[in-house]
Amino acid sequence: MEANLGQLDRTIRLVLGGLLLAISLVFPVITTGIGKIIVAAVGGILVVTGTIRY
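Owing to the predicted nature of the structure, the values given are computational and were not obtained by experimental measurement.

## Observations concerning the packing of helix H1 (residues 7–25) against helix H2 (residues 33–51)
Alright, step 1. Two elements in contact, H1 and H2, have axes whose closest approach is 7 Å; the angle formed by their N-to-C orientations is 155 degrees. Taken together, H1 and H2 sit at an angle that is classed as roughly antiparallel. Note on packing geometry: the crossing formed by H1 with H2 is left-handed. Contacts between H1 and H2 pair Arg10, Arg13, Leu14, Leu16, Gly17, Gly18, Leu20, Leu21 and Ser24 from the former with Lys36, Val39, Ala40, Val42, Gly43, Gly44, Leu46, Val47, Thr49, Gly50 and Thr51 from the latter.
Alright, step 2. Residues that form the contact of H1 with H2 fall into these classes: nine nonpolar, eight polar and three charged.

## What about H1?
Alright, step 1. Helix length check: H1 (19 residues) gives 27 Å between terminal C-alpha atoms against 27 Å at 1.5 Å per residue, within 8%.
Alright, step 2. Every buried residue of H1 is listed here: Arg10, Gly17 and Ser24. All buried residues of H1 project into a common sector of 70 degrees when viewed along the axis, lining one side. Every exposed residue of H1 that faces more than 90 degrees away from the buried side is listed here: Gln7, Leu8 and Val15.
Alright, step 3. Looking at the buried residues of H1, the elements they touch are H2.

About the cut-offs
- Residues numbered from 1 in each chain as written.
- Predicted model: local features only at pLDDT ≥ 70, side-chain atom pairs only at ≥ 80, totals over all residues.
- Heavy atoms only, no water.
- Axes fitted to C-alpha atoms, helices over the stretch in contact; angles between N-to-C directions.
- Helix = DSSP H or I, 4+ residues; strand = E, 2+ residues; numbered from the N terminus.
- Parallel < 35°, antiparallel > 145°, perpendicular 65-115°, else oblique.
- Left-handed = near helix turned anticlockwise from the far one by under 90°.
- Contact = heavy atoms within 4.5 Å.
- Nonpolar A, V, L, I, M, F, W, Y, C, P; charged D, E, K, R; others polar.
- Expected span 1.5 Å × (residues − 1).
- Buried < 20%, exposed > 50% of the residue type's maximum accessible area, 1.4 Å probe, protein only.
- Arc of directions from axis to C-beta.

Nothing here speaks to function; it is geometry throughout.
In structure tokens form, the structure reads like this:
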């Protein structure tokens, strides 16, 4: 697996990850506890991989 170091890819991951984290923490869109955990985990993974340039 090759590391993708494109600036656009990192920016998209950071923005989408931040959006998912905001949805899971602020907005009551997802009513179940497990749904909030899943959305927060996916958002966290996107932010971390965008930050460390994976």
